[in-house]
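Reading the structure
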Amino acid sequence: MNLINILQDQYVSSRGPAPNLITHIHYDSRKVSQNGCFVCISGDNTDGHLFIDTAVQKGAIQIIGDNEHVINEQAAKYPFVQFVLVKNPKKSLALYSSHLHDHAHKDMSLIGVTGTQGKTTITAYTRYLLNGSGIKTGSIGTAGIWDNTKSLSLHKSTPTTPESSDLHSYLATMLTQDISTCVMEATSIGLDQERLHGLHFDIAVHSNLYPEHLDYHGTFEEYKRAKLRLFDGADVAIVNKDDDGMARDIITSFDGRIWTYAIENHAKVRATDIEVTTEGTYFTLHIQKDTHPVFIPVLGIHNVYNFLASLCTCLAKGISLHTLLPLFETLEGPPGRLQVVSELDDRHMIFDFSHTPAALENLLETVKPLPRNRLILMVTGIGIREKELRAPIAAAVEGKADEIVVTSDHPGDEEPEDVVRDVLDGFTEVSPHIHPVPQRGDAIKKAMELAEAGDLILITGICMEDFQIVKGEKVPYHDYDHVKDFLASRMSSVTLSQIGCTPSKDMCV
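Residues numbered from 1 in each chain as written. Predicted model: local features only at pLDDT ≥ 70, side-chain atom pairs only at ≥ 80, totals over all residues. Heavy atoms only, no water.

**Digging into the UniProt feature "modified residue: N6-carboxylysine" (unreviewed entry) in the chain**
In this numbering, the UniProt entry assigns the feature "modified residue: N6-carboxylysine" (unreviewed entry) to K227. Mapping K227 onto the fold places it in helix α9 (residues 220–228). (UniProt positions renumbered as here; feature names shortened; annotations may be inferred. Helix = DSSP H or I, 4+ residues; strand = E, 2+ residues; numbered from the N terminus.)

Listed below in structure tokens is the structure:
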């Protein structure tokens, strides 16, 4: 085993016997077992070098880290273990993981999608269109890990862009199923933490850029710089020309082929004459000088942008518009994005992932054409995100719904009541139509309780996940359970079969 070849320019030195066989690699000492390699990664809250003893006791026979003092000290303590000093453990984890999975990514076409909003939807649309065009395509992101037909029951190490060791495992699994293309979300944090180090992207897709994750990046420029890394070395860039946040930066610096899309500005691919109806969206599609009338069964201007990004991606891969056109009318998005729950008696209910001020504003514009009497809206503050985003959530929705329920999502180390209070601080007036309910499940029931005949219930937040992060732990949680409980207790005459929903398909679980 030649570590210099595996770790490339990250390798510094090693001590101890070289192992005959490494079967797995992990950054969590608790998940290392016999013949494993443990990589010591330093984070904001802890340092992996502190857990070398645990890893060795679990069966690790190789340790990788960048703290020379600790590496030398532990090498003397465990002479039967190989200790490897590297420059950057995160890059080393990515390179070693690629090696252990026979560099599966090199036999696949990779598409990366980045931006503040739209990543998950663009990923889902692209996967659908490519599979419909005969290209077996999987996807990785917030909506889970998918092969060409279904969601896979694989553990997710992070909400969106996986840690590199998990990512290479997912790609290797897809390759065994003859999946030739993978489209994945690339978050700013994932890029900054080198989870995608060593991967080559055939196509890099840009959606938009607004301030987010500034608690991590510090400044908007650093946030942008992290996003721009996706385009380093990519062959093709897909750029939203209407976006003021990052479009110009990509267009002026990218050396490869560029496909632009837009609604407001001139671009290679453009949508005009947009009409949103309760069935979906009609518009005129312009591809250079050609025009085509198009219908897609999705709502919202923002989803037209997401569709255009996906269409550009397919065209950039050489798929003809003639092949793609029949797929538009059956376009499928991810769960939890404007997901309609079948009628609850004589009212409607929609779940949507919107949880930032800008996303909520877009969502409220999107649902305007839908028929309804009143709008019952549930919004969330998120404990594991920066506090600065909470009060603006209130400003984004104030006066735009008849009843507003305010709750918390993923409270993390904070108390749900405190998260809700931060959101409430953003309202300019105290109103009896604003209802603070700290627990998300109770808030869903409250929103359903407030609804009357003909009303639309709009549930927002991180509704597609099956857990809540509470005090550092992933606590099992399903929105669907609380809908089901409400129906059982308050609407016993309406059975689940009558409303036509199942946990796996029609709800955000």
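From this point, the narrative continues.
**Some thoughts on helix α6 (residues 164–176)**
Taking 1.5 Å as the rise per residue, α6 with 13 residues should run 18 Å; its terminal C-alpha atoms sit 19 Å apart, in good agreement. Within α6, the full set of buried residues consists of S164, S165, D166, L167, H168, Y170, L171, A172 and M174. The elements touched by buried residues of α6 are β2 (24–26), α4 (89–100), β6 (109–114), β7 (137–141), β8 (144–146) and β10 (181–185). Of the residues one or two after α6, D178 is the one with positive phi, at around 60 degrees. (Expected span 1.5 Å × (residues − 1). Buried < 20%, exposed > 50% of the residue type's maximum accessible area, 1.4 Å probe, protein only. Contact = heavy atoms within 4.5 Å.)

**Brief notes about the environment of D402**
You can see D402 is positioned in the loop between α14 (390–397) and β20 (403–409). Sequence-wise, D402 and G412 are ten residues apart; in three dimensions their C-alpha atoms are separated by 30 Å. Contacts of D402, omitting those with residues within four sequence positions, involve N373, R374, L375 and H433.

**Here we look at the pattern of salt bridges**
What the rule picks out here adds up to 20 salt bridges. Residue R385 is joined to E212 by a salt bridge in which the shortest nitrogen-to-oxygen separation is 3.3 Å. Here R385 is found in the loop between β19 (375–382) and α14, whereas its partner E212 is found in the loop between β11 (203–206) and α8 (214–217), with 173 residues between them in sequence. Assessed through its relative accessible area of 23%, R385 is described here as partly exposed. For E212, a relative accessible area of 5% translates into the label buried. Linking D418 and R421 is a salt bridge whose minimum nitrogen-to-oxygen distance equals 2.7 Å. Of the two residues, D418 and R421 are both situated in helix α15 (residues 416–424); the distance of three residues between them amounts to about one turn of the helix. Here the salt bridges share partners, and the residues they tie into one network are E221, K224 and D249. (Salt bridge = Lys/Arg side-chain N within 4 Å of Asp/Glu carboxyl O.)

**Topic: the packing of α4 against α6**
With their axes 8 Å apart at the nearest point, α4 and α6 run at an angle of 20 degrees to one another. Classified by the angle between their axes, α4 and α6 sit roughly parallel to one another. Here α4 runs over α6; the crossing is right-handed. Here α4 contributes K90, L93, A94, S97 and S98 to the contact with α6, which in turn contributes S164, S165 and H168. In terms of residue class, the contact of α4 with α6 is built from two nonpolar, five polar and one charged. (Axes fitted to C-alpha atoms, helices over the stretch in contact; angles between N-to-C directions. Parallel < 35°, antiparallel > 145°, perpendicular 65-115°, else oblique. Left-handed = near helix turned anticlockwise from the far one by under 90°. Nonpolar A, V, L, I, M, F, W, Y, C, P; charged D, E, K, R; others polar.)

**Considering the packing of aromatic side chains**
Taken as a whole and assessed by the stated rule, the structure comprises six aromatic pairs. Where Y78 meets F80, the ring centres are 6.0 Å apart and the plane angle is 80 degrees; that geometry is what we call edge-to-face. The exposure class assigned to Y78 is buried, which follows from its relative accessible area of 11%. Between F220 and Y223, the aromatic rings sit 6.2 Å apart at their centres with planes inclined by 55 degrees, giving tilted as the arrangement. Of this pair, F220 and Y223 both sit in helix α9, three residues apart, which is roughly one turn of that helix. The exposure class assigned to F220 is partly exposed, which follows from its relative accessible area of 25%. Its relative accessible area of 0% is what places Y223 among the buried residues. (Phe/Tyr/Trp six-rings, centres within 6.5 Å; stacked < 30°, edge-to-face > 60°.)

**Some remarks on the sheet that holds strand β3 (residues 36–39)**
The pairing of strands in a sheet comes from backbone hydrogen bonds and takes either a parallel or an antiparallel form. Taken in spatial order, the five strands make up an open sheet running β1-β5-β4-β3-β2, and their pairing is mixed. Strands with a single pairing partner mark the edges of an open sheet, and in this sheet they are β1 (11–15) and β2. Across the sheet, the axes of successive neighbouring strands diverge by a mean angle of 20 degrees, strand direction being ignored. In this structure, β1 lies alongside strand β5 (residues 82–86), joined through four bridges in antiparallel fashion. Within the sheet, the bridge partner assigned to S13 lies in β5 and is L85. (Pairing = 2+ DSSP bridges.)

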